[in-house]
Structure formats: C-alpha cells, structure tokens
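# Summary of the model geometry
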Amino acid sequence: MMHEAFFSLVRAGLWGTPAETALFSGLTSAHWQELYRLAYTQSLQAIVFDGVNTLPAELRPPRPLYLQWAAQTLLTEQANDRLNRMVVRLNSLYTAAGLHPVLLKGQGMAACYREPRHRQCGDIDIYLGKDGQPQANRLLLQAGACEAGEESDKHASYELDGVHIENHRLVNRTNNPLANRRFARLVRAWYPQEAEQRIGMPTPPPTFNALYIFLHAFEHFLSGGIGLRQLCDWCCLLRTRHADIDAARLVSDLHRLGLLRAARAFGHVAVCHLGLPPQYLPFDTAGCRRLGEELVEEIFATGNFGKHDRRVSPRPAGYWRGKWHTFCRATRRVARLYGYAPAEACFHPVTLVKRSAAGQWNLLKKRLRP
C-alpha cells in the first residue's frame, strides 16, 4: 500500500496531476513518516512534496511533518540556485580559456522537470575531453578549489565554494570493451560542435543524452543501486525532448551497446509506475514486466546509489579490505542481475579491478611528482 501511495505522489509531482485521494484516506502519522522516508531514500523529497500539495488539506500529513517537508523543499530550491550560479561561473571560466565544457546530467536534467528547482541536486559534472580536462583542473585550482577524493581515469573531483565539481575526461564508459569503443565513437560524433546551448552551459544533444542518462542510471543500478530520481530524470528528458530525439537512432544505439533489454525494463517502470505516457518511449516494453518489477524491488531495497541497502554489511576499515569488500559485493550483485545486460554483467568485475589499479597509479604519480 505504501509503495502505491508513494508512486501516486511521485506521478503527481512529476506531471502536475492530482494524486489518487483514495490511497491516502486513513493514513496515520506513522504511514506519513514512511512516505517521507521513501522520498528521502529515493532523493525525491521536493518532487513528492509537490504531489502532497495536490491532496485536499484533510488528507495531507500532520502539520509538523508537513512543515519539515516544506523546509526541506526550500533547501532543495536554494541548492539548485547555488549550482545554477556555479554552472554559469564555470562555463565562463572554461570558455575564456578556449575550452569546450559540456554539462552532464545534473542541472541539465533539472531543466526538463516541470519544477526545475525541485529536482534533488548533487554535484556538477562537466565533460572537457582528454585534452581539455588537465587545463580545466588547473583553472579550478587557480580559482581556489581544492581536490576532493581520488582522481580516476574518468574524472577528477574538486570542491569550490561548497560545490562538488567533477571534470570529466570521459563522458562515461561501459564494462564491455566492444561497447565501450562504440560509445566513445558516439561521443566523438557530436563533441563539441553539436552540443546544445539551452542553459548556463552547453549540454549533450538530446538523442545522445537520452542514451547517456539511461547508461549512467544502469551503470549505478548494476554496481550498487539507484533511486527513482535517476528514472525520473530519464522520464522527464524523454517527455520534454520527445520531438528532438531520434527514436530509431536511440534504439539502434541501445541495441549495439547491449543495453536494449535493460532499457525496456526501465521503460516498464517509467510507464507502469511513473506515469510516462508510452508514446514517449522509443520502444515497447512487452515481455519485460518481470525484469521491470524486479527493478522496482531493487530500487526500494537500495535507495539512491545503493546508500540505503540494509542487505549489505558495512564496509570494513582499511583501504584494501574495503576494496575487497566492494569487489565481492559487486560480483554477487551482477551475478544476480545478469539478465538485464549479460555482457555488461560479465565484464563488471574486470572493470572494478581496472579502476582500482588506475586509482593506485594516479596516487603513485602524485607521490612521485617533485
């Protein structure tokens, strides 16, 4: 019952349609606390609050929780405003140096929402290419940023005025080496000349973006878990940019990357639970109900990026013990989720080892610098 009520609020918040009042009659304070907890673990607090506000006053949560929810929504709006200002600042910083920054995910996705400031935001991811990233890293440090976390072969992380920023040398990668080469070719086909200037920084073209946003969500789903926010991003992009997305090209790219079955399972959730009209999907979801419903169970079990998965034992202390724990957990998980994208699942343990080795190599290079 709680999941049905929760999905009703999410749909209402996403699309501006009223929540189904019959699901909220007789809810207790404990029920509302559970709905608030679900909104938190799925990183959808402000979106769900929009859904709450479509209910008649007598069916809304108790006043103390309602006010807490309203305050959290205000914080989400302020966080989005802060990131929007930083996006404009970084775009000016990078373009003045002759770089070609492209905003990935984040505030670019927020622009596709009915209420852009109500998307739960996190960090700022910027693609600059292999040649541009080192210069962008230096520019950030000169602007007063400090390093934040390990540098990987994919991106380098920084903190500037309280905002986490990741400069990407790669947009993303797949576990399957053949698919990875194909994905890299797709990036080269549009970067930087076909990037769109719709917000404070250029974003990827819509057809590629629809592929990338799904790939990013699936990557996290396979490795540790995702929240509904990632699917909401995809839904809002597919609906808002439907006329600009080449559906045949998107389906072809998903198929060539070995991700079409997984995308159809995500599509089942988008249509049957999040209320995306089926005409906005570039494919049908027939035969994917079982995988789609398993996906829903996983989403509620893991929460956003797997941070709320109670099935997983805590990561042990110590760098190498922690790495081994992560590797074992991921291997067990991909074995269980093999059916979504077999090639991606098979190569995932190899990717983990390569990323760990790359991280160690980067640390060693830093220590050897004069």
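Heads up: the structure comes first, above all this text.
In this report, we go over the structure that sits alongside the text. In this numbering scheme, every chain counts its residues from 1 along its sequence in written order. In keeping with the model being predicted, local features are shown solely for residues with a pLDDT of at least 70 and side-chain atom pairs are shown and tallied solely at 80 or more, while totals for entire chains, interfaces and linings include all residues. Side-chain descriptors were evaluated using all non-hydrogen atoms of the structure, hydrogens and water having been removed beforehand.

### Re the overall build of the protein chain
What counts here: The way it works is that DSSP assigns letters per residue, a run of H or I at least four long becomes a helix, a run of E at least two long becomes a strand, and they are numbered from the N terminus. A radius of gyration in this sense is built from C-alpha atoms; the matching globule rule multiplies 2.2 Å by the number of residues raised to 0.38. Exposure categories follow from relative accessible area, calculated using a 1.4 Å probe and restricted to protein chains: below 20% of the type maximum is buried, above 50% is exposed, and the middle band is partly exposed. What makes two residues a contact is simply this: any of their non-hydrogen atoms within 4.5 Å. Working definition of accessibility: Shrake-Rupley area with a 1.4 Å probe, residue cover restricted to the visible protein chains.
On a plain count of helices and strands, the protein chain comes out with 14 helices and five strands. Scaling as 2.2 N^0.38, a compact globule of 370 residues should have a C-alpha radius of gyration of about 21 Å, and the protein chain matches this with 21 Å. By its C-alpha atoms, the protein chain is 65 × 50 × 40 Å across when sized along the principal axes. Looking at the 370 residues of the protein chain, the share that counts as buried comes to 52%. Pairs at least 24 residues apart make up 71% of the contacts formed inside the protein chain by residues separated by at least 6 positions. Here the protein chain displays about 16,700 Å² of accessible surface, and carbon together with sulfur accounts for 54% of that area.

### Some points on the pattern of salt bridges
This is how the line gets drawn: One speaks of a salt bridge when a side-chain nitrogen belonging to Lys or Arg is within 4 Å of a carboxyl oxygen belonging to Asp or Glu.
Within the structure shown, the criterion is met by 16 salt bridges. Here Glu 298 ties to Arg 333 by a salt bridge, and the two come within 2.8 Å at their closest N and O atoms. Highlighted residues: Glu 298 in helix α12 (residues 289-302) and Arg 333 in helix α13 (residues 319-336), separated in sequence by 35 residues. Pair check on accessibility: Glu 298 and Arg 333 agree, each one buried. Linked through salt bridges whose partners overlap, the residues forming this network are Glu 77, Asp 81 and Arg 117.

### A look at the sheet that holds strand β5 (residues 163-168)
Heads up, the condition is: By this definition, two strands are paired if DSSP reports at least two bridges between them.
Pairing in this open sheet of five strands is mixed, and the strands run β1-β2-β5-β4-β3 from one edge to the other. Looking at the sheet topology across the chains shown, the edges are occupied by β1 (102-104) and β3 (146-147). By the bridge criterion, three bridges tie β1 to strand β2 (residues 124-127) in an arrangement that is antiparallel. The residue bridging Leu 103 from the neighbouring strand is Ile 126, located in β2.

### Some points on the packing of aromatic side chains
This is how the line gets drawn: When two rings of Phe, Tyr or Trp (its six-membered ring) have centres within 6.5 Å they constitute a pair, described as stacked for plane angles under 30 degrees, edge-to-face for angles over 60, and tilted for the intermediate range. Placement of a positive charge over a ring is assigned whenever Lys NZ or Arg CZ falls within 6 Å of the ring centre and within 35 degrees of the normal to the ring plane.
What the rule picks out here adds up to 21 aromatic pairs. Seen in terms of ring centroids, Trp 190 and Tyr 191 are 5.8 Å apart; in terms of plane orientation they differ by 90 degrees. Their pairing is edge-to-face. Of the residues examined, Tyr 191 reaches a relative accessible area of 16% and is grouped as buried. Each residue in the set Phe 214, Phe 218, Phe 221, Trp 234, Phe 266, Phe 283 and Tyr 340 is aromatic and connected to the rest through ring pairs, giving one cluster. Over the face of the ring belonging to Trp 15 we find Arg 239, whose NZ or CZ atom lies 4.8 Å from the ring centre. Directly above the aromatic system of Phe 221 lies the positively charged group of Arg 333, at a separation of 5.4 Å from the ring centroid.

### Notes on the packing of helix α2 (residues 29-41) against helix α3 (residues 45-52)
The cut-off we apply is this: With axes taken as lines fitted to C-alpha atoms, and helix axes fitted only over the stretch in contact, angles between N-to-C directions fall between 0 and 180 degrees. Between 65 and 115 degrees an angle is taken as roughly perpendicular, under 35 as roughly parallel, over 145 as roughly antiparallel, and anywhere else as oblique. The handedness criterion is simple: a crossing whose near helix is rotated anticlockwise from the far helix by less than a right angle is left-handed, and one whose near helix is rotated clockwise is right-handed. Basically, the charged four are Asp, Glu, Lys and Arg, the nonpolar ten are Ala, Val, Leu, Ile, Met, Phe, Trp, Tyr, Cys and Pro, and anything else, Gly included, counts as polar.
Put simply, α2 and α3 touch, their axes get as near as 8 Å, and they point 140 degrees apart. In terms of axis orientation, α2 runs oblique to α3. Where α2 crosses over α3, the two elements pack in a sense that is right-handed. Residues Trp 32, Tyr 36, Ala 39 and Tyr 40 of α2 form the contact with α3, whose own contacting residues are Gln 45, Val 48 and Val 52. Partitioning the contact of α2 with α3 into residue classes produces six nonpolar, one polar and no charged.

### Overview of helix α7 (residues 177-190)
The criterion, for reference: By this rule, a helix spans an expected 1.5 Å times one less than how many residues it contains. This arc describes the spread of directions from the helix axis toward the C-beta atoms.
An ideal rise of 1.5 Å per residue puts 20 Å on 14 residues; α7 measures up with 21 Å between its terminal C-alpha atoms. Buried within α7 we find Ala 179, Phe 183, Leu 186, Val 187 and Trp 190. Down the axis, α7 shows its buried residues gathered within 100 degrees of arc, on one side only. In α7, the exposed residues that point more than 90 degrees away from the buried face are Arg 181 and Arg 188.

### So, unusual backbone geometry
Residue Pro 192 follows Tyr 191 across a cis peptide bond; omega there is -5 degrees. The phi dihedral of Ser 43 is positive, around 55 degrees, even though this residue is not glycine. Structurally, Ser 43 is set in the loop between α2 and α3. We classify Ser 43 as buried; its relative accessible area is 11%. If you check the backbone angles, Lys 105 has positive phi at about 55 degrees while not being a glycine. Looking at the element boundaries, Lys 105 is found in the loop between β1 and α5 (106-110).

### A short note on the nonpolar core
Quick note on the threshold: Among buried residues, the Ala, Val, Leu, Ile, Met, Phe, Trp, Tyr and Cys ones that are joined through side-chain atoms within 4.5 Å form a nonpolar core.
One finds Phe 6, Phe 24, Trp 32, Phe 218 and Phe 266 to be the most contacted residues of the largest nonpolar core, which totals 85 residues. Looking at this core element by element, the count peaks at 11 residues for helix α8 (residues 206-223). Within the second largest apolar cluster, 22 residues are counted, among which are Leu 99, Leu 139, Leu 140 and Met 201.

### Quick look at the packing of helix α1 (residues 2-15) against α2
The geometry of α1 relative to α2 is characterised by a closest axis approach of 10 Å and an angle of 60 degrees between their N-to-C directions. With respect to α2, the element α1 is oriented oblique. Note that α1 runs across α2; the crossing there is right-handed. Only His 31, Trp 32, Glu 34, Leu 35, Leu 38 and Ala 39 of α2 make contact with α1, whose side of the interface consists of Met 2, His 3, Ala 5, Phe 6 and Leu 9. Here the contact of α1 with α2 is composed, by residue class, of eight nonpolar, two polar and one charged.

Function-wise, these values are silent; they only describe arrangement.
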